Amino acid sequence: MQKARTTERKRNRGFEETHQSLIETAVRLLSEKGVEALSVSALAREAGINRTTVYYHFPSREAMIEAVKEWSSLQLARGMDAGSSRFDRMAGINRFVLANPELIKLWIDDFIAPGDIRDRYPRWDDLVTGMAKRLAAAHPGEEVDAEVYSVMLLASAIIGPRILQNSVATDADPAAISERFMAEHRRQLRRDGIIEDRKSTRL
């Protein structure tokens, strides 16, 4: 009985490792060649395995794309992790957005489609609640919509760096884009009373 459980654990671990590797390969393929190039056959060639194995993990191209979207959502959800400073979180989102333009295009379509944001960001309510407290403390007596404010911050972090890179500062490298974007973001949050001074960056 114990041997059977050990074998099952090894089998499950092998499946999960292969599954994760295939998702990461699909992300790389999508980033390099665009979503049109993403297919079960292309993924099999890129990963160096047969199509039957890929179909075992993803029964269709649509399922594979959905897995890629879920993976990107998890990466972006790190921006909601309260265990690090807001600027570390936002900078992480900026870097991810700039490094994965094709993936972000795919994800944005999902982001603006109907559906509960909590399915993509389980900590969304915590983020809004925390933001509401800080905005209320910074602007007593003033009615501030913390949900809209949080949406504006998230949309800015995801879409803003791409606009800056593609349409405004087209010759700048991604590190410079991220640095400029975060400097202005810091100034905005300081102005709004979300951070108290130049040294306080935790939210």
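Residues numbered from 1 in each chain as written. Predicted model: local features only at pLDDT ≥ 70, side-chain atom pairs only at ≥ 80, totals over all residues. Heavy atoms only, no water.

1. Thoughts on the overall build of the protein
Then, in step 1: A tally of regular secondary structure across the protein gives nine helices and zero strands.
Then, in step 2: Each helix and strand of the protein, placed in order from N terminus to C terminus, yields the pattern α-α-α-α-α-α-α-α-α.
Then, in step 3: The 203 residues of the protein split such that 39% are buried.
Then, in step 4: In the protein, once contacts between residues fewer than 6 apart in sequence are set aside, the share between residues at least 24 apart is 61%.
Then, in step 5: Accessible surface computed for the protein: about 11900 Å², of which carbon and sulfur atoms make up 51%. (Helix = DSSP H or I, 4+ residues; strand = E, 2+ residues; numbered from the N terminus. Buried < 20%, exposed > 50% of the residue type's maximum accessible area, 1.4 Å probe, protein only. Contact = heavy atoms within 4.5 Å. Areas by Shrake-Rupley, 256 points an atom, 1.4 Å probe, with all protein chains shown as cover.)

2. Things to note about helix H8 (residues 146–168)
Think of an α-helix as 3.6 residues a turn; residues three or four steps apart then line up on the same face.
Then, in step 1: At Ile159, H8 is deflected by roughly 40 degrees, the largest bend along its length, and proline Pro161 occurs up to four residues later in sequence.
Then, in step 2: For H8, the complete set of buried residues consists of Ala146, Tyr149, Ser150, Leu153, Leu154, Ala157, Ile158, Gly160, Pro161, Arg162, Leu164 and Gln165.
Then, in step 3: A side-chain oxygen of the first residue of H8 lies 3.1 Å from the backbone nitrogen of Glu147; this N-cap is Asp145. (Bend = angle between axes of the 7 residues up to and from the residue. Polar contact = N/O pair within 3.5 Å; in protein donor to acceptor, adjacent residues only side chain to side chain.)

3. Topic: the nonpolar core
Then, in step 1: By size, the foremost hydrophobic cluster in this structure holds 41 residues, and its most contacted members are Phe58 and Ile158.
Then, in step 2: Core analysis: the second largest hydrophobic core is formed by five residues, Leu98, Leu164, Ile177 and Phe181 among them. (Core = buried A, V, L, I, M, F, W, Y, C linked by side-chain atoms within 4.5 Å.)

4. Comments concerning the packing of H8 against helix H9 (residues 174–191)
Then, in step 1: In contact at an axis separation of 10 Å, H8 and H9 are set at 150 degrees when each is read in the N-to-C sense. When the axis of H8 is compared with that of H9, the two are roughly antiparallel. Seen from above, H8 lies across H9 with right-handed handedness. Contacts from Tyr149, Leu153, Ser156, Ala157, Gly160, Pro161, Leu164 and Gln165 of H8 reach H9 at Pro174, Ile177, Arg180, Phe181, His185, Gln188 and Leu189.
Then, in step 2: Its residues placed into classes, the contact of H8 with H9 shows nine nonpolar, five polar and one charged. (Axes fitted to C-alpha atoms, helices over the stretch in contact; angles between N-to-C directions. Parallel < 35°, antiparallel > 145°, perpendicular 65-115°, else oblique. Left-handed = near helix turned anticlockwise from the far one by under 90°. Nonpolar A, V, L, I, M, F, W, Y, C, P; charged D, E, K, R; others polar.)

5. What to know about helix H2 (residues 40–47)
Then, in step 1: Buried residues of H2: Val40, Ala42, Leu43 and Ala44, and no others.
Then, in step 2: One or two residues past the end of H2 sits Gly48, with phi positive at roughly 70 degrees.

6. Some remarks on the confidence of the model for the protein
Any segment with low pLDDT has predicted coordinates that should not be analysed in fine detail.
Then, in step 1: When pLDDT is averaged along the protein, the result is 79, and 81% of the positions lie at 70 or above.
Then, in step 2: For the stretch residues 1–10, pLDDT sits under 50, and the model shows one contact to residues farther than four places along the chain or on other chains.
Then, in step 3: Throughout residues 198–203 the model reports pLDDT below 50, and contacts reaching past four residues in sequence, or to other chains, amount to 16 contacts. (pLDDT = per-residue confidence, 0-100.)

7. Focus on the pattern of salt bridges
Any two side chains of opposite charge can pair, so long as their charged atoms come close to each other.
Then, in step 1: With the rule as written, the count across this model stands at five salt bridges.
Then, in step 2: Measuring nitrogen to oxygen at the nearest pair gives 2.5 Å for the salt bridge that ties Arg187 to Glu184. Taken together, the positions of Arg187 and Glu184, both in helix H9 and three residues apart, correspond to about one turn of that helix.
Then, in step 3: One salt-bridge network, held together by shared partners, links Asp116, Arg118 and Asp125. (Salt bridge = Lys/Arg side-chain N within 4 Å of Asp/Glu carboxyl O.)

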